[in-house]
Amino acid sequence: MLHPGESYFLESDLQQNTHSESIDNQEISFYNLTRMEFIVNSVDSAGQIHMSVRYRDLLISMLAPQLNIDISSASGKNKMLSEMVDMLELHSFQMVMTPAGKMVSLNGLDDFFVSLTSKPAADSSEQEVILKTLEEAYGSDAFHSLINLFVYVYPVIQPMSNWTNDITYYFNTKAVKMVNRFYLTKSTREAVVIQGLGMLNAMKEFEETTGMGEVKSAVSGSQTYDFRMDRESGWLDRCISRQRVKIETTIVRSSYLPAGLRIPSYTETTFEVIGGRLEKVSDIQEP
């Protein structure tokens, strides 16, 4: 149980590799270190938890040689990227979640990214790439996905030894349905150990226009979880999670590729997430 005035953190270390069987066999590597700090502002009469949230110590890196993309916030070479990351770390936003960890509302994060689009830039194309990368990594969809994966773990009705949570997960900006089945494997005085398996499957094909032309794509995949949760607070101590996703893209109309051509791509992601209670939280302004 979380109480007003308490502060917690989550730190996600994500490593992702994508291989596409396109003409040039595209390879994309992505690394993202995300630390979030949470202040519990209040718990309402329905038991919903109101929190202030802030990103800290962000690190993002993406390398895609065939797309001529090499972005790293750690190198210090890209001033625009560094400035935007610094601005994000200074911004706080608010969320409300149920006792089981399901998000009810999120406010203040979309507004921040809207404000970034109006920031003057010498190179508008560079700004577009950086904004897209940051929003995909730290925007409201990405934040919602992270909460759904690593906070919304408990069953609505307790106690239960196995249960299912249906969530929405955003993969490459595509909203897909994911069914997570969890199993209570161990419970001690200090910790609760939960294992899980998630199945990810888009209910319909996505239609979009890309550099290849008009395409439609189908998403499928799976994810495993090994959770250790603090017994007293219910907050995450540690989770190791592995995800495998396949996207099959079909050419609908293209100036240089035959209609009906299917191009699969495979993405493997490893998450290592740690959490805990903060004795002293950074300067987050309460609403």
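Up top is the structure these notes are about.
Note that the structure is predicted; figures quoted are calculated from it, not measured.

Caption draft 1: Spatial organisation of the pairing of strand E2 (residues 27-43). Relative to E2, strand E1 (residues 7-20) runs antiparallel, the two sharing 13 bridges. Opposite Tyr8, over in E2, you have Phe38 as the bridge partner. As paired elements, E2 and strand E3 (residues 49-64) share 13 bridges and run antiparallel to each other. Residue pairing in the sheet places Asn32 in a bridge with Ile60 of E3.

Caption draft 2: Geometry of helix H3 (residues 124-138). The end-to-end C-alpha separation of H3 is 20 Å, in line with the 21 Å expected for 15 residues at 1.5 Å each. Residues Gln127, Ile130, Leu131, Thr133, Leu134, Ala137 and Tyr138 constitute the buried set of H3. For H3, the angular spread of the buried residues around the axis is 165°, confining them to a single face. Exposed residues pointing more than 90 degrees away from the buried face of H3 are listed as Ser124, Glu128 and Lys132. Where the residues of H3 are buried, they touch E2, E3, strand E4 (69-72), helix H1 (79-89), helix H2 (109-117) and helix H4 (140-150).

Caption draft 3: How the structure looks around the packing of H2 against H3. At a minimum axis distance of 11 Å, the contact between H2 and H3 shows a crossing angle of 170°. Compared by their axis directions, H2 and H3 come out roughly antiparallel. Residue-level contacts link Leu109, Phe113, Leu116 and Thr117 of H2 to Gln127, Leu131, Leu134, Glu135 and Tyr138 of H3. Tallied by class, residues from the contact of H2 with H3 come to six nonpolar, two polar and one charged.

Caption draft 4: Seen up close, the packing of aromatic side chains. Per the counting criterion, the structure on display carries 14 aromatic pairs. Each ring, one from Phe150 and one from Phe227, has its centre 6.4 Å from the other, and the planes form 65°; the classification is edge-to-face. Highlighted residues: Phe150 in helix H4 and Phe227 in strand E11 (residues 213-230), separated in sequence by 77 residues. You can call Phe150 buried: its relative accessible area is 1%. Within the aromatic cluster, the residues linked to one another by ring pairs are Phe150, Trp163, Phe182, Tyr225, Phe227 and Phe271.

Caption draft 5: The environment of Gly101, seen in detail. Among the secondary structure elements, Gly101 is positioned in the loop between strand E5 (92-97) and strand E6 (103-107). Taking the C-alpha atoms as reference points, Gly101 and Asp230, separated by 129 residues in sequence, lie 14 Å from one another. Other than its neighbours up to four places away in sequence, Gly101 contacts Ile147, Val151 and Tyr152.

Caption draft 6: Fine view of the pairing of E11. Judged from the 11 bridges that link them, strand E9 (residues 191-201) and E11 form a sheet pairing that is antiparallel. The residue bridging Gly196 from the neighbouring strand is Tyr225, located in E11. The pairing of strand E10 (residues 206-210) with E11 spans five bridges and is classified as antiparallel. Residue pairing in the sheet places Thr209 in a bridge with Glu214 of E11. Adjacent in sequence and paired antiparallel, E10 and E11 are bridged by two residues.

Caption draft 7: Structural view of the pattern of salt bridges. Across all of its chains, the model carries 11 salt bridges by this definition. Notably, a salt bridge pairs Glu6 with Arg277, separated by 3.5 Å at the nearest N-O pair. With a gap of 271 residues between them, Glu6 in the segment before E1 and Arg277 in strand E13 (residues 262-277) connect regions that are remote in the sequence. Classification of Glu6 by relative accessible area gives buried; the value is 11%. Each of Glu11, Arg35 and Glu37 takes part in a single network of salt bridges with overlapping partners.

Caption draft 8: Structural view of H1. All buried positions along H1 are accounted for by Met80, Leu81, Met84, Val85, Leu88 and Glu89. Of the surrounding elements, those touching the buried residues of H1 are E3, E4, H2 and H3.

Caption draft 9: Examining a nonpolar patch on the surface more closely. Together, Val156, Ile157 and Met160 make up an exposed nonpolar region whose accessible area comes to about 320 Å². Structurally, Ile157 is set in the loop between H4 and strand E7 (162-171).

Caption draft 10: Here's a closer look at unusual backbone geometry. In the Ramachandran plot, Asp57 falls in the positive-phi region, its phi being about 50° despite a non-glycine side chain. Not every positive phi belongs to a glycine, and Thr173 is a case in point at roughly 70°. With respect to the helices, strands and loops of the structure, Thr173 is situated in the loop between E7 and strand E8 (174-187).

What counts as what
Residues numbered from 1 in each chain as written. Predicted model: local features only at pLDDT ≥ 70, side-chain atom pairs only at ≥ 80, totals over all residues. Heavy atoms only, no water. Pairing = 2+ DSSP bridges. Helix = DSSP H or I, 4+ residues; strand = E, 2+ residues; numbered from the N terminus. Expected span 1.5 Å × (residues − 1). Buried < 20%, exposed > 50% of the residue type's maximum accessible area, 1.4 Å probe, protein only. Arc of directions from axis to C-beta. Contact = heavy atoms within 4.5 Å. Axes fitted to C-alpha atoms, helices over the stretch in contact; angles between N-to-C directions. Parallel < 35°, antiparallel > 145°, perpendicular 65-115°, else oblique. Nonpolar A, V, L, I, M, F, W, Y, C, P; charged D, E, K, R; others polar. Phe/Tyr/Trp six-rings, centres within 6.5 Å; stacked < 30°, edge-to-face > 60°. Salt bridge = Lys/Arg side-chain N within 4 Å of Asp/Glu carboxyl O. Patch = residues over 30% accessible without salt bridge, like charges linked within 9 Å, V, L, I, M, F, W, Y side chains within 5 Å. Areas by Shrake-Rupley, 256 points an atom, 1.4 Å probe, with all protein chains shown as cover.

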